[in-house]
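As a plain string of letters, each chain reads:
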Amino acid sequence: MPIEKYLPLLRKTRLFNKIDDKDIIYICNRLNGKIKKCSADDSVYSYGDRITSLHMLLEGDVFLMREDVWGHSNILVKIEPGECFGVTHTFMEDNIVTYHALSKHGCVYLILDKELITSPFKQNYPVQEQLIRNVMSILVNRNLYLSVKIEHISQRKTRDKIISYLSFESQRQKTDDFHIPFTRSQLAAYLCVDRSALSNELCKLRDEGLIKFDRNHFILKNADNF
């Protein structure tokens, strides 16, 4: 599967920010880029695996999930096409991941050899410097995203967790009328709450006139009262 097929997506990604098409292709070839597929309800990689490649989602979905010994799942983040995942563990000394990367509906993803990122690009140093800056930006933004999640789940009540999350999404998307990337069960797993309790609190917020929702579509009403 040629990388050229995905250039419209790749040129918009954080990894290839400020890098033109010919250099994107050069980087993918230089880093032994390979396009792979994952079936529905299968893992890209699992807890305890050692990963030494940068992963980028091209099609489909990937959820980064952690599961306790009793089988309770916690969604860390949903990866969207164009986003990299596993970056932090790829650059750690032991490269061992501490979560599962699962695809619900199947996916296509790109892998790039991490070791070659810092290996000299011969006469293409400006491109390499930009690539390294972009990788650093990804690492910083992923850590910021996880810190925001900690803020959500650190709220004591389910209602407060919901309000924290919806407020953040409204601010991030710059509108009171937005879609979230989770189903109801996935949102419960992301916020670390019981699904029934989540549904009950959403209905209470709706009945109080604070929100409207239909599946993953939300409209915040009287947002100043949040």
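Residues numbered from 1 in each chain as written. Predicted model: local features only at pLDDT ≥ 70, side-chain atom pairs only at ≥ 80, totals over all residues. Heavy atoms only, no water.

> How do you make sense of the packing of aromatic side chains when you look at a structure like this?
The geometry of an aromatic ring pair comes down to the distance between the two centres and the angle between the two planes. One pass over the structure, following the stated rule, counts eight aromatic pairs. Where Y45 meets Y99, the ring centres are 5.9 Å apart and the plane angle is 55 degrees; that geometry is what we call tilted. Taken together, the residues span a long stretch of sequence, with Y45 in strand β2 (residues 42-45) and Y99 in the loop between α3 (87-90) and β7 (100-103) at a distance of 54 residues. You'll find Y45 and Y99 in the same group, each marked buried. Cluster of aromatic residues (ring-pair linked, three or more members): Y45, F85 and Y99. One Lys or Arg, R142, reaches over the ring of Y145 and ends 5.9 Å from the middle of that ring. (Phe/Tyr/Trp six-rings, centres within 6.5 Å; stacked < 30°, edge-to-face > 60°. Helix = DSSP H or I, 4+ residues; strand = E, 2+ residues; numbered from the N terminus. Buried < 20%, exposed > 50% of the residue type's maximum accessible area, 1.4 Å probe, protein only. Lys NZ or Arg CZ within 6 Å of the ring centre and 35° of its normal.)

> Which parts of the structure should I look at to understand the sheet that holds strand β9 (residues 177-179)?
In any sheet, the strands associate via hydrogen bonds between backbone groups, in a parallel or an antiparallel arrangement. Read from one edge of the open sheet, three strands run β9-β11-β10, paired in antiparallel fashion. The strands lining the two open edges of the sheet, one partner per strand, are β9 and β10 (211-214). Neighbour-to-neighbour, the strand axes of the sheet open up by a mean angle of 20 degrees, direction not taken into account. Helix-sheet contacts for helix α5 (residues 158-173) involve β9, β10 and β11 (217-220), and the interaxial angle to β9 is about 105 degrees. (Pairing = 2+ DSSP bridges. Axes fitted to C-alpha atoms, helices over the stretch in contact; angles between N-to-C directions. Contact = heavy atoms within 4.5 Å.)

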